[in-house]
Amino acid sequence: MAVSTKIIKKRIRSIGNTKKITRAMEMVAATKMRKAVNAVLASRPYAFDIWAMVMNLISRLEIKKHPLLTPKSEAKKVAIILVTSNRGLCGGFNSQIVSRALKLADQAETAVEWLAIGRWGAEFLARSGKKLVAVFEKPDVILTTSEISALVKAVTGSFVDGTYQKVFVAYTDFYSALVQKPRLKQLLPLEPLADAELGQVGQASAPQPAAEKNFEYLFEPTPQIVFNELLPHLVTVQLYQAMLESTASEHSARMMAMKNATNAAADMIDDLTLAFNQARQAAITREIAEITGGKAALEAA
Amino acid sequence: MPKIKFKIVTPERLVYQKDVDQVTLPTKTGEITVLPNHIPLVALLAAGELVAKVDGQELPMAVSRGFIEVGKNSVTVLTQTAEGVEEIDELRAQAAVERAKKLLQDVKNKEAVEYTALAGKIEKELARLKVVRRRKHTHQPTIKSE
């Protein structure tokens, strides 16, 4: 029996160590989460306002000819930008968004090309033999819009020259520390009503119907010039917002996962301590029984 | 006279939201002042000084490039950065200009992208400097403990 208590003791110690690690990771994730959540909440009004502004303008202007607004029906490929984390240990965060994106890819009638932001998604796509055209590192705590400008330039370029029919972005929308939802958004062509999905804040302040806004706009210098600046910027902002949402979600998911792991470790230690005490008690009882048994045998002799 | 619903938003935060009497904005084609009942307008914001007037009080801000939407008695400014005078540190703004100019010299022959990015930065920093120089000393003679 002595062996058994030794083994249990060893396990308790090892789980104790694991618990320390998960607790530390939880703390780190919590700090990062706070930063990321602040960033995402702060940038939502901007993303929402610029979206509302563009959609309002598009609906009243016959400017549908802009290359970023026109669907490319003749193109043969669809691009999906998959936003995942760099590392694992964040519960179902990565697998949820990946399965959501794969479902979209299965439904697509055309070939799908993948762009990955974050190592986890990149490795997964490479492993499963998907057509991965570009991989971007995901900064841990974000970020400025200039960091994603390369990606934006690449996809808008390929879209405008007719390589891609549509560009989607798969990211995880941040609702709260407990709830994050995988989401697919059409990035290009820019489409009215394709959005309204910038998290709960975006939905809460959904655009008022344009009834009172029924008037003509003056453009300075010209609609073309304004839109040539505005639309590419909007694409950047959309993607930027998606990245912020994903980052906030990732750190929240990781914090929760680590919290659960810490709790599970504590439970296991409790169970094992109980088992350890029982084993120790049993060993003592048996030793006493053996001693008394031996004594009785001696007396009988 | 109705007021104008005025709002400045940047990717980092909602900088300012208030009802004002008039707003003067720098645009790509020159400075404009928006008074109540202005015709709806969409314009490109240039880096420079933006002044909002509330009850005779002027509120100057340094802004960088962005977009302006003037609706029915509403003005929404979407820009990369916007700072009030008291937020700008003159010495740091000056240093930033110098730094960017120096970088620009080195980069000039390299990539066009980098060049425009830097040029934009200088534009922005100069705007900040201009605002702070014009406003800080005349309007708010605050003594700073260094």
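Criteria and cut-off values
Residues numbered from 1 in each chain as written. Chains lettered and ligands numbered in written order. Predicted model: local features only at pLDDT ≥ 70, side-chain atom pairs only at ≥ 80, totals over all residues. Heavy atoms only, no water. Contact = heavy atoms within 4.5 Å. Buried area = accessible area lost by both parts, 1.4 Å probe. Polar contact = N/O pair within 3.5 Å; in protein donor to acceptor, adjacent residues only side chain to side chain. pLDDT = per-residue confidence, 0-100. Pairing = 2+ DSSP bridges. Helix = DSSP H or I, 4+ residues; strand = E, 2+ residues; numbered from the N terminus. Axes fitted to C-alpha atoms, helices over the stretch in contact; angles between N-to-C directions. UniProt positions renumbered as here; feature names shortened; annotations may be inferred. Buried < 20%, exposed > 50% of the residue type's maximum accessible area, 1.4 Å probe, protein only. Salt bridge = Lys/Arg side-chain N within 4 Å of Asp/Glu carboxyl O. Phe/Tyr/Trp six-rings, centres within 6.5 Å; stacked < 30°, edge-to-face > 60°.

Another aspect to go through is the interface of chain A and chain B. Taken residue by residue, the interface counts 24 residues in chain A and 28 residues in chain B. Roughly 2200 Å² of surface becomes buried between chain A and chain B when both sides are summed, with 65% attributable to carbon and sulfur atoms. Considering only the side of chain A, the residues that lose the most area to chain B are Tyr46, Met53 and Glu220 of chain A, jointly responsible for 30% of the buried surface there. The interface formed by chain A and chain B contains 5 residue pairs in polar contact (both at pLDDT 80 or more).

Per-residue confidence for chain A gives a mean pLDDT of 84; residues scoring 70 or more make up 88%. Contacts for the low-pLDDT stretch residues 194–212 of chain A, under 50 throughout, to residues beyond four places or in other chains number 31 contacts.

Moving on, we come to the sheet that holds strand E2 (residues 111–117) of chain A. Residues and elements named next belong to chain A. The strand order across the open sheet formed by 5 strands is E3-E2-E1-E4-E5, and the pairing between neighbours is mixed. A single partner strand is all that each edge strand has here, and the edge strands are strand E3 (132–136) and strand E5 (180–188). Here the strands of the sheet are splayed against their neighbours by 20° on average, with no regard to which way each runs. Pairing analysis gives 6 bridges linking strand E1 (residues 77–83) to strand E4 (residues 164–174), with the strands arranged parallel. What sits directly across from Ile81, in E4, is Val169. In the packing of helix H6 (residues 223–300) onto the sheet, the strands contacted are E1, E2, E4 and E5, and the crossing angle to E4 comes to about 35°.

Here, UniProt's "domain: ATP synthase F1 complex delta/epsilon subunit N-terminal" (unreviewed entry) annotation points to residues 5–82 of chain B. With 0% helix and 71% strand, residues 5–82 of chain B has end C-alpha atoms that lie 17 Å from one another.

Residue and element names in this part refer to chain B. For strand E1 (residues 4–9), the buried fraction is high: 5 of the 6 residues fall into the buried class. Sheet analysis places E1 next to strand E2 (residues 14–20), joined by 6 bridges and oriented antiparallel. Considered in E2, the bridge of Phe6 is made with Lys18. Between E1 and the antiparallel strand that follows it, E2, lie 4 residues. One ladder, built from 5 bridges, connects E1 with strand E9 (residues 74–79); its direction is parallel. Counted as the bridge partner of Lys5 is Ser74 from E9.

Another point: the pattern of salt bridges. Taken as a whole, this structure holds 14 salt bridges over all chains when the rule is applied. Between Lys28 of chain B and Glu229 of chain A there is a salt bridge, with its nearest N and O atoms 3.7 Å apart. Of this pair, Lys28 of chain B sits in the loop between strand E3 (22–27) and strand E4 (30–34) while Glu229 of chain A sits in helix H6, each in a different chain. Among the ionic pairs, Arg286 of chain A bridges to Glu290 of chain A, the shortest N-O distance being 3.9 Å. Residue Arg286 of chain A and its partner Glu290 of chain A are both found in helix H6; the two are separated by 4 residues, about one turn of the helix. What makes Arg286 of chain A partly exposed here is its relative accessible area of 42%. What you see here is one network of salt bridges that share partners, running through Lys77, Glu113 and Lys131 of chain A.

Once that is clear, we can look at the packing of aromatic side chains. Residue and element names in this part refer to chain A. The final tally for this structure, using the stated rule, is 3 aromatic pairs over all chains. Centroid distance Phe219 to Phe227: 6.0 Å. Interplanar angle 45°. Geometry classified as tilted. Of the residues examined, Phe219 reaches a relative accessible area of 11% and is grouped as buried. For Phe227, a relative accessible area of 0% corresponds to the buried category.

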